[in-house]
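Next come the chains, spelled out residue by residue.
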Amino acid sequence: MAAVNETARRSMVAGNWKMHHDHLQAIRTVQEIGLRLPAEVLPRVEVVVHPPFTDLRSVQTVLEDRAISLVLGAQHCAGEDSGPFTGEVAAPMLARLGVRYVLVGHSERRHLFGQDDEQVAAALRAVLRHDMVPVLCVGETGQERAADETEAVLERQIRTATAGVRADQAASLVLAYEPVWAIGTGVTATPADAQQGCSHARRMLAASVDDTAARAARVLYGGSVVAENTAELMAGADVDGVLVGGASLQADSFCAIVAAAGSVRSG
Ligand code: PEP
């Protein structure tokens, strides 16, 4: 595929709060983030938070009332729009709450809750149906990496999830390369590994949907990102940002990551 013009893509920092922060803690956290966000980098860096479902309405209200430049994300959704699916949350419900980005196929959903590739594909289509943007999470386990299966795993995950996706939809898609062995472990991929994984994910999107769309789509790296490693991870030409778990829970560590992301590709 042709050389990628990385400067055309706006960087992105997304915080996945997982099952942390009740709605009162969430309100405090976004207020603190609002006070500390480095305003000068925001034209270059889009900043997203993915709180638990029960926090979404409160966070949406605070962001609107205080004009905080954070974009609202969710962590998961069902593939169906309604029905007898106890405990699930449907994409149209998220859209009504002002959610813009939805994580799809996070490794904790895949490995702890048995979400398979077909269910990931259904969730991705549901997000698109309701005019939100899927953040499609892909990545290999440590065992798969040891068996040299990383590329095959990414290919299978991306091909299945994007079957039937149009080129215009793929262009706004966000892919997150998150090696499972790096999530929540304190073991970060090397910048070279992050670039290789993100580049492979982009090539797979090109092969599955469309080359031009794949060059426009943003690809994030995720796995034990902290402020100290953000700039070096984002130095890779195909790494457009970071998906952050643990270090996104506190305003100071999260905003330090945003500042570090803003220092990359600033010219
Ligand atoms: C994640 O939850 O997607 C993640 C990358 O977590 P952590 O930053 O804690 O490794």
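A brief report on the enclosed structure follows. Note that the coordinates shown come from a computational prediction; the quantities given were computed from them, not determined experimentally.

Calculation criteria
Residues numbered from 1 in each chain as written. Predicted model: local features only at pLDDT ≥ 70, side-chain atom pairs only at ≥ 80, totals over all residues. Heavy atoms only, no water. Axes fitted to C-alpha atoms, helices over the stretch in contact; angles between N-to-C directions. Helix = DSSP H or I, 4+ residues; strand = E, 2+ residues; numbered from the N terminus. Parallel < 35°, antiparallel > 145°, perpendicular 65-115°, else oblique. Left-handed = near helix turned anticlockwise from the far one by under 90°. Contact = heavy atoms within 4.5 Å. Nonpolar A, V, L, I, M, F, W, Y, C, P; charged D, E, K, R; others polar. Near = heavy atom within 4 Å. Polar contact = N/O pair within 3.5 Å; in protein donor to acceptor, adjacent residues only side chain to side chain. Areas by Shrake-Rupley, 256 points an atom, 1.4 Å probe, with all protein chains shown as cover.

### What about the packing of helix α1 (residues 23-36) against helix α12 (residues 251-262)?
Phase 1: Running from N to C, α1 and α12 point in directions that differ by 40°, and their axes come no closer than 9 Å. Taken together, α1 and α12 sit at an angle that is classed as oblique. Note on packing geometry: the crossing formed by α1 with α12 is right-handed. Counting all contacts with α1, which are made through Thr29, Glu32, Ile33 and Arg36, the residues of α12 involved are Ala251, Asp252, Phe254 and Cys255.
Phase 2: For the contact of α1 with α12, the per-class residue count stands at four nonpolar, one polar and three charged.

### Regarding the site of the ligand
Phase 1: Around the ligand, 14 residues are found, and the nearest of them are Lys18, Glu178, Gly184, Ser224 and Gly245.
Phase 2: Taking His106, its side chain carries an N or O atom lying 2.8 Å from an oxygen atom of the ligand.
Phase 3: One nitrogen or oxygen atom from the main chain of Gly246 is found 2.9 Å from an oxygen atom belonging to the ligand.
Phase 4: Burial of the ligand by the surrounding chains reaches 95%, relative to a free accessible area of 290 Å².
Phase 5: When grouped by side-chain class, the residues that make up the shell around the ligand number four nonpolar, eight polar and two charged.

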